[in-house]
Amino acid sequence: MLRLLPPLVSLLACSLVTAHGDADFAPQRRQTGGDNTQPAGTNPIARFATAYLGQQRPNNSCSHRDLGFAGALRGRWYAVFGDTLWCAPGVADPDADPAGFHGLVRDAVSLLTDDPLVVEDLHLNDDSPVAHPLQFVPFNASWNETNTFGFGGTSLVETADGAGAVYYLVNEDDNTLRGAGIAKVELVDDEPTVTERFGSDGYWWPAPSTPRYGDVAAFRDPRSAYVYAWGGAPTSITDPTDAQYVYLARVAAADAYDLARYEYWWGPDQGWLLARPHTEFGPTTATVWGTGQGQFVWSDFFGCYIFVHLGPGSGDVLLRTATALEGPWTPDVKVYTATPIDDGLVYAGVAHPYLDTTGQTLTISYTNNNHIEVIRVTFSK
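Residues numbered from 1 in each chain as written. Predicted model: local features only at pLDDT ≥ 70, side-chain atom pairs only at ≥ 80, totals over all residues. Heavy atoms only, no water.

Caption draft 1: Looking closely at the overall build of the chain. Counting its regular elements, the chain contains 0 helices and 27 strands. Its C-alpha atoms give the chain a radius of gyration of 19 Å, near enough to 21 Å, the size a compact globule of 381 residues would have. Looking at the chain as a whole, 58% of its 381 residues qualify as buried. For the chain, the proportion of contacts with a sequence separation of at least 24, taken over those separated by at least 6, is 58%. By element, 50% of the accessible surface of the chain is carried by carbon and sulfur atoms, the whole surface being about 15,000 Å². Charged side chains of the chain number 22 positive and 44 negative; the gap between the two group centres comes to 6 Å. (Helix = DSSP H or I, 4+ residues; strand = E, 2+ residues; numbered from the N terminus. Rg over C-alpha atoms; globule rule 2.2 N^0.38 Å. Buried < 20%, exposed > 50% of the residue type's maximum accessible area, 1.4 Å probe, protein only. Contact = heavy atoms within 4.5 Å. Areas by Shrake-Rupley, 256 points an atom, 1.4 Å probe, with all protein chains shown as cover. Lys, Arg positive; Asp, Glu negative; His and termini not counted. Charge placed at Lys NZ, Arg CZ, Asp CG, Glu CD.)

Caption draft 2: Structural detail: the pattern of salt bridges. Counting across every chain of the model gives 13 salt bridges. Where Asp 95 meets Arg 57, a salt bridge forms, and the shortest distance between an N and an O atom there is 2.7 Å. Residue Asp 95 is found in the loop between β5 (76–86) and β6 (104–105), and its partner Arg 57 is found in strand β3 (residues 47–58); the two are separated by 38 residues along the sequence. Residue Asp 121 pairs with Arg 65 through a salt bridge whose shortest N-O separation is 2.9 Å. Placement of the pair is Asp 121 in strand β8 (residues 118–121) and Arg 65 in strand β4 (residues 63–73), with a sequence separation of 56 residues. Each member of the pair, Asp 121 as well as Arg 65, is classed as buried. (Salt bridge = Lys/Arg side-chain N within 4 Å of Asp/Glu carboxyl O.)

Caption draft 3: Fine view of the side chain of Asn 368. With respect to the secondary-structure elements, Asn 368 resides in strand β26 (residues 361–368). Of the polar contacts made by the side chain of Asn 368, one reaches the backbone nitrogen of Ile 341; its length is 2.9 Å. Not counting residues up to four positions away in its chain, the partners in contact with Asn 368 are Ala 338, Thr 339, Pro 340, Ile 341, Leu 345, Val 346 and Glu 373. (Polar contact = N/O pair within 3.5 Å; in protein donor to acceptor, adjacent residues only side chain to side chain.)

Caption draft 4: The environment of Gln 55, seen in detail. Along the chain, Gln 55 falls in strand β3. Between the alpha carbons of Gln 55 and Ser 365 there is a distance of 8.8 Å; along the sequence they are 310 residues apart.

Caption draft 5: Spatial organisation of the packing of aromatic side chains. Under the criterion given, the structure shown has 24 aromatic pairs. Centre to centre, the rings of Phe 198 and Trp 204 are 5.9 Å apart; their planes meet at 40 degrees, and the pair counts as tilted. As far as the burial class goes, Phe 198 and Trp 204 line up, both buried. Each residue in the set Tyr 226, Tyr 228, Trp 230, Trp 265, Trp 272, Phe 296, Phe 307 and Trp 329 is aromatic and connected to the rest through ring pairs, giving one cluster. Here the guanidinium or amino end of Arg 250 rests over the ring plane of Tyr 226, the centre of that ring lying 4.0 Å away. (Phe/Tyr/Trp six-rings, centres within 6.5 Å; stacked < 30°, edge-to-face > 60°. Lys NZ or Arg CZ within 6 Å of the ring centre and 35° of its normal.)

Caption draft 6: Layout of the environment of Asp 107. In this fold, Asp 107 is placed in the loop between β6 and β7 (108–112). For Asp 107, a relative accessible area of 0% corresponds to the buried category. In sequence terms Asp 107 and Gln 135 are 28 residues apart; their C-alpha atoms lie 5.5 Å from each other. Those residues in contact with Asp 107, other than ones at most four positions away along the chain, are Phe 81, Gly 82, Thr 84, Leu 134, Gln 135, Phe 136, Val 137 and Phe 151. At 3.0 Å, the side chain of Asp 107 forms a polar contact with the backbone nitrogen of Phe 136.

Caption draft 7: Looking closely at the nonpolar core. Membership of the largest hydrophobic core comes to 28 residues, with the highest contact counts inside it found for Tyr 167, Ile 182, Trp 205, Tyr 213, Tyr 262 and Tyr 264. Listing elements by their share of this core, those giving two or more residues are β11 (163–173), β12 (176–188), β15 (212–220), β16 (226–232) and β17 (245–252). The element best represented in this core is β17, accounting for 4 residues. Apart from residues no more than four positions distant in its own chain, Tyr 213 is found in contact with Tyr 167, Ala 180, Trp 205, Ala 229, Trp 230, Gly 231, Tyr 247, Leu 248, Ala 249, Tyr 264, Pro 277 and His 278. In terms of nonpolar packing, the next biggest core, distinct from the first, is built from 23 residues, Phe 301, Ile 306, Leu 319 and Tyr 336 among them. (Core = buried A, V, L, I, M, F, W, Y, C linked by side-chain atoms within 4.5 Å.)

Caption draft 8: Focus on the confidence of the model for the chain. On average, the chain scores 92 in pLDDT, and the residues at 70 or more come to 91%. Every residue in residues 2–19 scores below 50 in pLDDT, and together they form 51 contacts with partners more than four places removed in sequence or on other chains. Counting interchain partners and residues more than four positions distant, the pLDDT-below-50 stretch residues 27–32 has 21 contacts. (pLDDT = per-residue confidence, 0-100.)

Caption draft 9: Up close: the pairing of β11. The buried fraction of β11 amounts to 9 of the 11 residues, a majority that puts the element mostly inside the structure. Two elements, strand β9 (residues 150–153) and β11, share 4 bridges in a ladder whose sense is antiparallel. If you follow Gly 150 over to β11, its bridge partner there is Asn 171. Summarising the sheet, strand β10 (residues 157–160) and β11 pair through 3 bridges and their orientation is antiparallel. Looking across to β11, one finds that Ala 160 is bridged to Ala 163. Count of turn residues in the β10/β11 antiparallel hairpin: 2 residues, of which Gly 162 carries a positive phi of about 80 degrees. Here 10 bridges tie β11 to β12, and the two strands are oriented antiparallel to one another. (Pairing = 2+ DSSP bridges.)

Caption draft 10: Main features of unusual backbone geometry. In this chain, Ser 128 is followed by Pro 129 through a cis amide linkage whose omega measures 5 degrees. One can find Pro 129 in the loop between β8 and β9. Residue Pro 328 is reached from Gly 327 by a cis peptide bond, and omega for that bond is 5 degrees. Tracing the chain through its elements places Pro 328 in the loop between β23 (316–322) and β24 (332–337). One non-glycine residue, Ala 275, lies in the positive phi region at around 55 degrees. With respect to the secondary-structure elements, Ala 275 resides in the loop between β19 (272–274) and β20 (288–289). Classification of Ala 275 as partly exposed rests on a relative accessible area of 43%.

Right, here's the structure in full:
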């Protein structure tokens, strides 16, 4: 599910980066005094080659969709997609889908394979001859939700053997975000299945007053016991610059279903505060600014974390690095520029680290006008 950024006062300016060769750096927005989101240090991603691989599609269904954030449960990797538009009955190739509305679910889950261009859709319906995915995060009528509500989720994060969580944003309509929440995900018949949603209204963090933790990205850190969740500013913040700050929470993976165990990063001066969601907003308590949705990975090749995201309002695929997830983060390096399909939107960087655990290559997908496109970046030192 796409959530548009507010109009930008200043854009992330990016220099030209060739598909093969040395990188030019993309300077971030600067602000004087106390801005913890400013880039710092040197990005080690300096030499790379980028190859376009093609479009990702399911091998057992047919739809148009976005997002597809990757996460693992019990050693297998899954993609959580946003709005999933079914193709017409019997259509097996999305390129042959006739115009018109043929059905929709607000999110879906698929099994990722060793081929980054192929996924296996899960929780299929009984449509024949081509089945279609059912909704992953269910709506709950007792919370005054309907089948039109959006539940765009980020990556699955493992909390125990065979169990995990998905963070999502309850989207009532184009103008109303209710809040960010978390659901328990368990393997039922070997398929990730939402078995419980938390919060008296189906979410924990009300969007008008609290950052939407987990809506920008969620990450199970392989180097610690923690799950990290990044979220956009409260919807009550309407200034187009301030609305683009991103805030960070974390929790021990085993405690992910217990709201009282969450810690919140209030910047380097105050550090992590237990059970204290942000009530002060701006450059001193935020972690990053103006990135849109993305995905974090640990790179053994570089010995640091990499944040994969796209430049706001552009098709630039950007990578920044840090030795700690709370930052500071280096300047972005642009590794690819996607050409918008039919002048559509390009957004949501997704990393696929399981395809090369050495980290010398990183496969990345992104949404291009409801198509999932895939590139592979090969690094050198």
